[in-house]
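Here's the letter readout for the chains.
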Amino acid sequence: MTSSEPNPNRSKLPENYSFDDSASGITIHGSQSDELGTTYWPPRLRCPQTGGSVSPVDLATTGILWSWSYVHLPWMGDVAPNGDDEGYGVGMVDLDDDGPRLAAVLMGSRDDWHIGAPVTARELPYKTIDGKPQSILAFERSAS
Amino acid sequence: MTMANDVFVLGVGMSRFGGPYQQLDSRIIEASTEAIDDAAIPYSEVQSLYLGTSLAASTYGPPVVKDLGLTGIPVTRIENASATGGAAFYEAVHAVSSGRLDVTMAIAFDDPSTSAVPDFNNVEDISPILDPFVPPMAFFSMWAVRRMEEFGTTPETLAAVAAKNWNNARLNPKAERQATEEITIERVLGSRMLAYPHTARMAAPQGAGAAAVIVASKAALEKFGVSGDVKVVAAQAHSERYAPGHLFTGAIIGPPEMVSRAAFAAYEEASIGPEDLGVIAFHDAYAIEELLYYEAVGLCGPGEADRLMHDGETQLTGRFPTSTDGGFIGRGHPSGPTGVAQIWELTHQLRGSAGDRAVKHKPSNGLAHIVGAGSVCYTHILQSC
């Protein structure tokens, strides 16, 4: 193979590389190591453990809160996740089904956030650019 | 990588960290000439220059050091986030250790007011990988909340770490933070909350600054007729290994495992153990870091860091004095020069020239630890001769 030829083993990142939201619910796009089965987020081009190939996988949209904090800074956008502009929550979430850990904004109130609490992924609109709403991946406490 | 030949710290220099800004050229020359004067050799003896900056525009640096002398030597810029200064020192050390060169110099600098990095307040400006919603303060605060849950660490303990570093900085004329009176735990806790549980006084300020160090081989010392008083006995550079819970987004620092691995590799290289350390410089950008790193580098066992702190063992009078120049929290963290400032401090402590902040028990070994987002870790051990 010459360097100008595409490598058939090289994965391509999806256009919307990390998540998308539709009427049927949110999807978190990840990668899965073809050799180990380990999953990663956001999607990787190769398996970070083996250097081998990965395949696209939809990750669990629920998980367990590993830790959290509350950032006392003005929200960077047009919409505050908690309805104010004082600050916002952040959390590290271990996705279910042996999924990866990711860091994201937390929705809800501080009373909702406890280590070990079940959380669910949500789309959080934060800004409008050229008339198009922009969203980020967020989590909130799962309904009991 | 281990060191094949002896390397000695010949000279150190640094500017005061903090404001005023827009004067980086003069700070670079100030730190560099101080190091050259300290080494007591002409600049023309320096065979290679490593410039560390993580914030400056791409061409900044080499034109400034022309004022040291246009001697035709290699000039290489190095960037590795917060660990930039550690990386520049590492390269200068290994160039000598390998036997390739006899005298090298690391000069590191930054001025955040002239930063060329993306504006983190402008979401459209940055890559999604540099997650603007989980900034470093959020990341480290989540470490702290987890630690509080697992080991019962309190905000008061984090405040005690910060107060120690603020008060050490009061004894360092080069520190950014120069409090006019003692900083108490209550004052730390009473400052503005940044990200729970970290308050503003538990976090590093980011002013401007420059620092420089010259290292030399044993042959060079003989040539100059000087006896080296500080030797570099370990120089380790590490990055992350995969473990469950690994994060791939944000301005993150890997788990303390990387720190531990780098430290224990350095101990092996230096043929010492953590019990032999007499002064330690940590990456304490946020107070939780210093506490976790006590355990990661083996100053105490898992879960024992809080007791080590409250027993006074990491004060200037304790067994393991840490952040003796104020650390990131007190001395400041311009980014690029911070790692070289750590070498400046260890060198003065090992020489016995640290003035009012000299540790009570004169140290034989000092460890400098610094990490950079991405993430990377540099650990050096210096030894008095």
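Calculation criteria
Residues numbered from 1 in each chain as written. Chains lettered and ligands numbered in written order. Predicted model: local features only at pLDDT ≥ 70, side-chain atom pairs only at ≥ 80, totals over all residues. Heavy atoms only, no water. Helix = DSSP H or I, 4+ residues; strand = E, 2+ residues; numbered from the N terminus. Buried < 20%, exposed > 50% of the residue type's maximum accessible area, 1.4 Å probe, protein only. Contact = heavy atoms within 4.5 Å. Areas by Shrake-Rupley, 256 points an atom, 1.4 Å probe, with all protein chains shown as cover. Salt bridge = Lys/Arg side-chain N within 4 Å of Asp/Glu carboxyl O. Polar contact = N/O pair within 3.5 Å; in protein donor to acceptor, adjacent residues only side chain to side chain. pLDDT = per-residue confidence, 0-100. Pairing = 2+ DSSP bridges. Axes fitted to C-alpha atoms, helices over the stretch in contact; angles between N-to-C directions. Expected span 1.5 Å × (residues − 1). Parallel < 35°, antiparallel > 145°, perpendicular 65-115°, else oblique. Left-handed = near helix turned anticlockwise from the far one by under 90°. Nonpolar A, V, L, I, M, F, W, Y, C, P; charged D, E, K, R; others polar. Phe/Tyr/Trp six-rings, centres within 6.5 Å; stacked < 30°, edge-to-face > 60°. Lys NZ or Arg CZ within 6 Å of the ring centre and 35° of its normal.

Q: Looking at this model, I keep getting lost on the overall build of chain B. Mind explaining?
A: Helix and strand counts for chain B come out as 11 helices and 11 strands. By residue count, 63% of the 385 residues in chain B fall in the buried class. A separation of at least 24 residues holds for 77% of the contacts in chain B among residues at least 6 apart in sequence. Carbon and sulfur atoms form 50% of the exposed surface of chain B, whose accessible area is close to 13,400 Å².

Q: Help me understand the overall build of chain A in this model?
A: Along chain A, the regular secondary structure elements total 0 helices and 9 strands. Mapped from its N terminus to its C terminus, chain A presents α and β elements in the order β-β-β-β-β-β-β-β-β. Looking at chain A as a whole, 45% of its 144 residues are labelled buried. Long-range contacts, defined here as pairs at least 24 residues apart, represent 50% of the contacts in chain A between residues at least 6 apart. For chain A, the exposed surface amounts to about 7,400 Å²; the carbon and sulfur share of it is 46%.

Q: Explanation requested: the pattern of salt bridges in the structure shown.
A: Residue and element names in this part refer to chain B. In total, this model carries 18 salt bridges over all chains according to the counting rule given. Here Arg261 and Glu257 are joined by a salt bridge, their closest N and O atoms 2.9 Å apart. Residue Arg261 and its partner Glu257 are both found in helix H7 (residues 256–270); the two are separated by 4 residues, about one turn of the helix. Several salt bridges share partner residues, and in doing so they unite Asp38, Asp229 and Arg351 into one network.

Q: I'm lost on the environment of Gly245 of chain B in this one. Help?
A: As for its position among the elements, Gly245 of chain B is in the loop between strand S8 (230–239) and H7. A sequence separation of 10 residues divides Gly245 of chain B from Pro255 of chain B, and the C-alpha atoms of the two residues are 9.1 Å apart.

Q: What exactly am I supposed to notice about the side chain of Asn365 of chain B here?
A: Residue and element names in this part refer to chain B. As for its placement among the helices and strands, Asn365 is situated in strand S10 (residues 365–372). The exposure class of Asn365 is buried, given its relative accessible area of 6%. At 3.3 Å, the side chain of Asn365 forms a polar contact with the backbone oxygen of Asp276. Reaching out from Asn365, the side chain makes a polar contact with the side chain of Gln383 at a distance of 2.8 Å. The contact partners of Asn365, leaving out residues within four places of it in the chain, are Ile272, Asp276, Leu277, Gly278, Val279, Leu350, Ile381, Leu382 and Gln383.

Q: Would you take a moment to explain the confidence of the model for chain A for this structure?
A: Do not read the fine detail of predicted coordinates wherever pLDDT is low. All names here are of chain A. Per-residue confidence for chain A averages 80 on the pLDDT scale, and 74% of its residues sit at or above 70. Within chain A, no element has a lower average pLDDT than strand S1 (residues 19–22), which sits at 65, and none a higher one than strand S3 (residues 39–40), at 97. pLDDT under 50 marks residues 1–17. Its contacts with residues more than four places away, or in other chains, come to 19 contacts.

Q: How should the sheet that holds strand S1 (residues 7–14) of chain B be read in this particular structure?
A: The pairing of strands in a sheet happens through backbone hydrogen bonds and is either parallel or antiparallel. Residue and element names in this part refer to chain B. Here 9 strands make up an open sheet; going across it, the order is S3-S2-S4-S7-S1-S8-S11-S10-S9 and the pairing mixed. Of all the strands in the sheet, just strand S3 (75–78) and strand S9 (279–281) have a single pairing partner and so form its edges. Across the sheet, the axes of successive neighbouring strands diverge by a mean angle of 25°, strand direction being ignored. As defined by bridge partners, S10 adjoins strand S11 (residues 376–384) across 8 bridges and the pair is classed as antiparallel. Bridge pairing links His369 to Thr379 in S11. Taken strand by strand, H7 contacts S8, S10 and S11, and its axis lies near 145° from that of S8.

Q: Looking at this model, I keep getting lost on helix H11 (residues 338–351) of chain B. Mind explaining?
A: An α-helix turns once per 3.6 residues; consequently, residues spaced three or four apart project the same way. Residues and elements named next belong to chain B. Here H11 contains 14 residues, and its C-alpha end-to-end distance of 20 Å stays within 8% of the 20 Å for a straight helix at 1.5 Å per residue. Counting buried positions along H11 yields 13 of 14 residues, so the element is predominantly enclosed. Just past H11, the residue Gly352 takes up positive phi, approximately 85°.

Q: What's the story with helix H8 (residues 287–296) of chain B in this structure? I'm lost.
A: For H8 of chain B, a buried count of 10 out of 10 residues is recorded, marking the element as mostly surrounded by other parts of the structure. Directly after H8 of chain B, the chain includes Gly298 of chain B, whose backbone phi takes a positive value near 90°.

Q: Can you walk me through the packing of helix H3 (residues 136–151) of chain B against H8 of chain B in this structure?
A: Geometry of a packed helix pair, given as the angle between the helix axes and the separation of the axes. Residues and elements named next belong to chain B. Running from amino to carboxyl end, H3 crosses H8 at an angle of 60°, the nearest separation of the two axes being 9 Å. Of the possible angle classes, the one that applies to H3 and H8 is oblique. You can see that H3 and H8 cross each other, and the crossing is left-handed. Contact residues: Phe140, Trp143, Ala144 and Arg147 in H3; Ile288, Glu289, Leu291, Leu292, Tyr293 and Glu295 in H8. Residue composition of the contact of H3 with H8, grouped by class: 7 nonpolar, no polar and 3 charged.

Q: Looking at this model, I keep getting lost on the packing of helix H4 (residues 155–169) of chain B against H8 of chain B. Mind explaining?
A: All names here are of chain B. Here H4 crosses H8 at 95°, and the two axes come no closer than 8 Å. In terms of their interaxial angle, H4 and H8 are classed as roughly perpendicular. Of the residues in H8, those touching H4 at Thr157, Leu158, Val161, Lys164 and Asn165 are Ala287, Ile288, Glu290, Leu291 and Tyr294. Taken together, the residues of the contact of H4 with H8 break down into 6 nonpolar, 2 polar and 2 charged.

Q: I'm lost on the side chain of Thr199 of chain B in this one. Help?
A: Residue and element names in this part refer to chain B. Position of Thr199 relative to the elements: it lies in strand S6 (residues 198–199). Thr199 sits in the buried class, given a relative accessible area of 1%. Of the polar contacts made by the side chain of Thr199, one reaches the backbone oxygen of Val188; its length is 2.8 Å. Ignoring any residue separated from it by four or fewer positions in sequence, one finds Thr199 in contact with Val188, Leu189, Ser191, Arg192, Met193 and Leu194.

Q: Before we go on, may I ask you to explain the packing of aromatic side chains in this structure?
A: Two descriptors summarise a pair of aromatic rings, namely the distance from one centre to the other and the angle between the planes of the rings. Applying the stated criterion to the full structure yields 14 aromatic pairs over all chains. Measuring from ring centre to ring centre gives 5.8 Å for Tyr60 of chain B and Phe109 of chain B, while their planes differ by 75°; the resulting arrangement is edge-to-face. Here the residue Tyr60 of chain B occupies a position in the loop between strand S2 (48–52) and S3, and Phe109 of chain B occupies one in strand S4 (residues 103–110), the gap between them amounting to 49 residues. What makes Tyr60 of chain B partly exposed here is its relative accessible area of 21%. Relative accessible area serves as the criterion here: at 0%, Phe109 of chain B is assigned to the buried category. Judged by centre distance (5.4 Å) and plane angle (50°), the ring pair of Phe139 of chain B and Trp143 of chain B falls under tilted. You can see Phe139 of chain B and its partner Trp143 of chain B sitting in helix H3, 4 residues apart, about one turn around the helix. With a relative accessible area of 8%, Trp143 of chain B lands in the buried category. Over the face of the ring belonging to Tyr70 of chain A we find Arg110 of chain A, whose NZ or CZ atom lies 3.9 Å from the ring centre.

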